[in-house]
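Each chain is listed here by its residues.
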Amino acid sequence: MKRNTLIRKGILTFSLLLMAAIMVFPVVFTLSNSFMTENEISRHYPSESESQQDNAHKNSFIHLKLIPDQFSFEQYKAFFVKKQSFIDKEQSNMKFYGNSALMVIPIILGQLIVASLAAYVYGKLKFKGRDTLFLVYMVTMLMPFQVTLVPNYLIVDKLGLLNSFGAIIFPGVFGAFGVFILRQFVMTIPYSYIEAAKIDGAGHFTIFMKIILPLIRPGLAALVVLLFADYWNMVEQPLIFLDDPSKFPLSLYLSQIIQDTRGIGFAASILYMAPMLLIFGFAKKYLIKGIQLSGAKD
Amino acid sequence: MKIRKQLNNDGKVAAFFLLPSLIGFALFYLIPFVMGTIYSFKDGAVGGSFVGLFNYKELLASASFLKAATNTFWFTAINVPLVIGISLILALCLHQTVMFKNAIISSFILPIVVPVASIVMLWQILFDWNGTINLWMVKMGFSQIDWMKSDWSIVVVSLVYLWKNIGYNMIIFLAGLQNIPKDYYEIAEMEGAGRFFKFRQITLVYLTPTMFFVLLMSIINSFKVFRETYLIAGDYPYDRIYMIQHYMNNMFASLNVQKLTAAASLMVLCILILVFIFFAIERRYRKFMS
């Protein structure tokens, strides 16, 4: 009996580890390949057109390779040095990194402020029509981006934001997701805390600053991680609102790097996901908490 | 009297605190949403006249819309049960004491933060006509499959969806499992209940509210696979993975506002119906539980 459970546990652990390995494989593979030389990459992974030609005489397959022949930082160096030419001027790869940061950071900071204020209202204050209004927030949160494409475009155009980072930042700041997540955290704060503060003569602003904000700090951290994961990876919005490819974020631009300069694709991918991985490493706890509360019943 | 005064007071503060959010939300979400619905009944976005259901008739007669809608439907119908099943099994496995538990959980949620654009190269290496998967296929005596340009493409996109979404659902299920009081199981055990009985009568019953949420989120997220498909296969991918969002994006590019807004409104209608069905079932379920 005891032996049986031991074997069962062993098999269970093994299969879980195997699945876990599959989940992290894309990252491990990209990381290890980012240390290959450009030469090895082009030798090893011919681009599609080249492999089609090979196809004519004999099948030469692309072998997945995990360990580089020769360990080098060549790709990383090239990523920082190489310039991409756009219609009239040259751009360094770093510019796209900057583009991404210039869009994502204001979105996160803005949404933290706007959403925490709103979350306090939806979570702790009572007024007529509150729940209906909140339901409207939730429903729009569920809609895919494409649903409001045309009117959104017209409004952004009217505001003179088209083809500027503002076209991405402002809709991002007012997304309902932050309100939803932070409200879940606000709801866990007992009313008695607020009552006690009121008796001491604290106004709503003091309550918000001194009680709510400190207590939902884990929620703010969770929101930062979730927003970062979402917007660092954005594709739809820049595709529609930005005409000028030199304004593209790294997420869109990366596919171009991979097509044009395949040799540095892996290092570019790693540099692209690096901020995400760092945040994940430091704030995994909050990410999990945020996800859990997003599913908690109110 | 006191309560009423309190409410009034709250109302003013609420309005003040909510103002920034409300203005932005209205401007970038609510107004576009209403405008979009109105456009879908007009023959032009700016200054058009009302044409009733004409746009919808046109839309439903369009072959590419029907194709996109069917693809999206099947993608969701197949992948949502899959993702829920897998993540529930994983959560059940990880709910007991397992070695390396933390490392395993971390591995499963890692894909949430890994941008899809950064694994496109791996995808090409694996699923190219001369890719590594086909190499293995040939070695095992099968013939090569054109993964991205055949009906198999939906399998490839499904893999990305599963990879990305399993961790999120698993975490929510794990939280749900932790909330089931332990004594329920102890009582059932004392009564001599078997493992299967305990799973069906306790675990599944108490996990139902969580299940509703996971189901809804998984469906919503399955509507968002456009991002993944776009990065892997571009604007006009193989027929089988041409999703409703591709259709909308392409209608936008070709400035066909009527079809786009009609398609969007139909999609909104579908999502609303789904949400209301979920709420109705959940309410009934809650009554039944208490």
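The rules we used
- Residues numbered from 1 in each chain as written.
- Chains lettered and ligands numbered in written order.
- Predicted model: local features only at pLDDT ≥ 70, side-chain atom pairs only at ≥ 80, totals over all residues.
- Helix = DSSP H or I, 4+ residues; strand = E, 2+ residues; numbered from the N terminus.
- Rg over C-alpha atoms; globule rule 2.2 N^0.38 Å.
- Buried ≥ 20, exposed ≤ 12 C-beta atoms within 10 Å, placed from the backbone.
- Contact = placed C-beta atoms within 7 Å.
- UniProt positions renumbered as here; feature names shortened; annotations may be inferred.
- Domains from an automatic or database assignment.
- Axes fitted to C-alpha atoms, helices over the stretch in contact; angles between N-to-C directions.
- Parallel < 35°, antiparallel > 145°, perpendicular 65-115°, else oblique.
- Left-handed = near helix turned anticlockwise from the far one by under 90°.
- Nonpolar A, V, L, I, M, F, W, Y, C, P; charged D, E, K, R; others polar.
- Expected span 1.5 Å × (residues − 1).
- Bend = angle between axes of the 7 residues up to and from the residue.
- Core = buried A, V, L, I, M, F, W, Y, C linked by C-beta atoms within 7 Å.
- pLDDT = per-residue confidence, 0-100.

Each helix and strand in chain B was counted, giving 12 helices and zero strands. Ordered by position from N to C terminus, the α and β elements of chain B give α-α-α-α-α-α-α-α-α-α-α-α. For 290 residues, the compact-globule estimate of 2.2 N^0.38 gives 19 Å, and chain B exceeds it by more than 25% at 24 Å. With the C-alpha coordinates aligned to their principal axes, the bounding extent of chain B is approximately 80 × 70 × 30 Å. Evaluated residue by residue, chain B yields a buried proportion of 39% over its 290 residues. Across chain B, the fraction of contacts at a sequence separation of at least 24, relative to all contacts at a separation of at least 6, is 68%.

Time to look at the UniProt feature "transmembrane region" (unreviewed entry) in chain B. Per the UniProt annotation, the sites labelled "transmembrane region" (unreviewed entry) are residues 12-31, 73-92, 104-127, 204-223 and 260-281 of chain B. End C-alpha to end C-alpha, residues 12-31 of chain B measures 24 Å, and it is 100% helix and 0% strand.

Right, let's get into the environment of Leu254(A). The topology assignment puts Leu254(A) in helix H14 (residues 250-260). Expressed as a C-alpha distance, the spacing of Leu254(A) and Ser269(A), which sit 15 residues apart in the sequence, is 7.3 Å. Excluding residues that lie within four positions of it along the chain, Leu254(A) makes contacts with Ala268(A), Ser269(A), Tyr272(A), Ala117(B) and Ser118(B).

Here we take up the domain arrangement of chain B. With domains assigned, chain B is organised as domain 1 (1-39) and domain 2 (55-289). Summarising the inter-unit geometry, the C-alpha centres of domain 1 of chain B and domain 2 of chain B are found 33 Å apart.

Counting residues at the interface gives 81 residues for chain B, matched by 77 residues for chain A. A per-element tally of the side of chain B that touches chain A places helix H1 (residues 2-39) of chain B first, with 21 residues.

Turning to the UniProt feature "domain: ABC transmembrane type-1" (unreviewed entry) in chain B, a few remarks are in order. Residues given the UniProt feature "domain: ABC transmembrane type-1" (unreviewed entry) here are residues 69-279 of chain B. For residues 69-279 of chain B, helix accounts for 76% and strand for 0%, while the C-alpha atoms at its two ends are 25 Å apart.

Residue and element names in this part refer to chain A. Helix H12 (residues 217-231) packs onto helix H9 (residues 176-187) with a crossing angle of 155° between their chain directions and a minimal axis gap of 9 Å. Here H12 runs roughly antiparallel to H9, going by the angle between their axes. Taken as a pair, H9 and H12 cross one another with a handedness that is right-handed. On H12, the residues touching Gly178, Ile181, Leu182 and Phe185 of H9 are Pro218, Gly219, Ala222, Leu223, Leu226 and Leu227. Each residue belonging to the contact of H9 with H12 can be placed in one class, and the counts come to eight nonpolar, two polar and no charged.

This paragraph deals with helix H7 (residues 153-178) of chain B. A rise of 1.5 Å per residue sets the reference length of H7(B), with its 26 residues, at 38 Å; its end C-alpha atoms lie 38 Å apart and thus fit the reference within 8%. Where H7(B) bends most, the angle comes to about 35°, and this point is Asn165(B).

One finds Ala118(A), Val121(A), Val179(A), Leu182(A), Phe228(A) and Ala263(B) to be the most contacted residues of the largest nonpolar core, which totals 151 residues. Lining this core are residues from two domains, each supplying at least three of them: domain 1 (1-39) and domain 2 (55-289) of chain B. Those residues in contact with Val121(A) that sit more than four places away from it in its chain are Ala14(B), Phe17(B) and Leu18(B).

With phi around 60°, Asn163(A) is a residue other than glycine that occupies positive phi space. Given 14 C-beta atoms within 10 Å, Asn163(A) falls into the partly exposed group. Despite not being glycine, Phe100(B) shows a phi value in the positive range, around 60°.

All right, on to the UniProt feature "transmembrane region" (unreviewed entry) in chain A then. Within this structure's numbering, the places UniProt gives as "transmembrane region" (unreviewed entry) are residues 12-32, 101-122, 134-155, 161-186, 207-229 and 263-283 of chain A. In residues 161-186 of chain A, helix accounts for 73% and strand for 0%; the two terminal C-alpha atoms are 34 Å from one another.

With that out of the way, let us pick up the confidence of the model for chain A. All names here are of chain A. Averaged over every residue, the pLDDT of chain A is 86; the share at 70 or more is 92%. Here helix H3 (residues 48-57) is the element of chain A with the lowest mean pLDDT, 48, and helix H8 (residues 166-173) is the one with the highest, 94. Counting contacts from residues 49-58, a segment whose pLDDT is below 50, to residues more than four positions away or on other chains yields seven contacts.

Let's shift gears to the environment of Phe212(B). All names here are of chain B. Within the element layout of this structure, phenylalanine 212 appears in helix H9 (residues 195-222). Along the primary structure phenylalanine 212 and phenylalanine 25 are separated by 187 residues, whereas in three dimensions their C-alpha atoms are 27 Å apart. Filtering out sequence-adjacent residues up to four positions away, phenylalanine 212 remains in contact with Phe278 and Glu282.

Residues and elements named next belong to chain A. It is at 8 Å that the axes of H12 and helix H15 (residues 265-294) come closest, and there the two elements cross at 125°. Between H12 and H15, the crossing angle belongs to the class labelled oblique. Our pair here, H12 against H15, has a crossing hand that is left-handed. Facing H12, whose interface residues are Pro218, Gly219, Ala221, Ala222, Leu223, Val225, Leu226, Phe228 and Ala229, H15 presents Met276, Ile279, Ala283, Tyr286, Leu287, Lys289 and Gly290. Class assignment for the residues of the contact of H12 with H15 results in 13 nonpolar, two polar and one charged.

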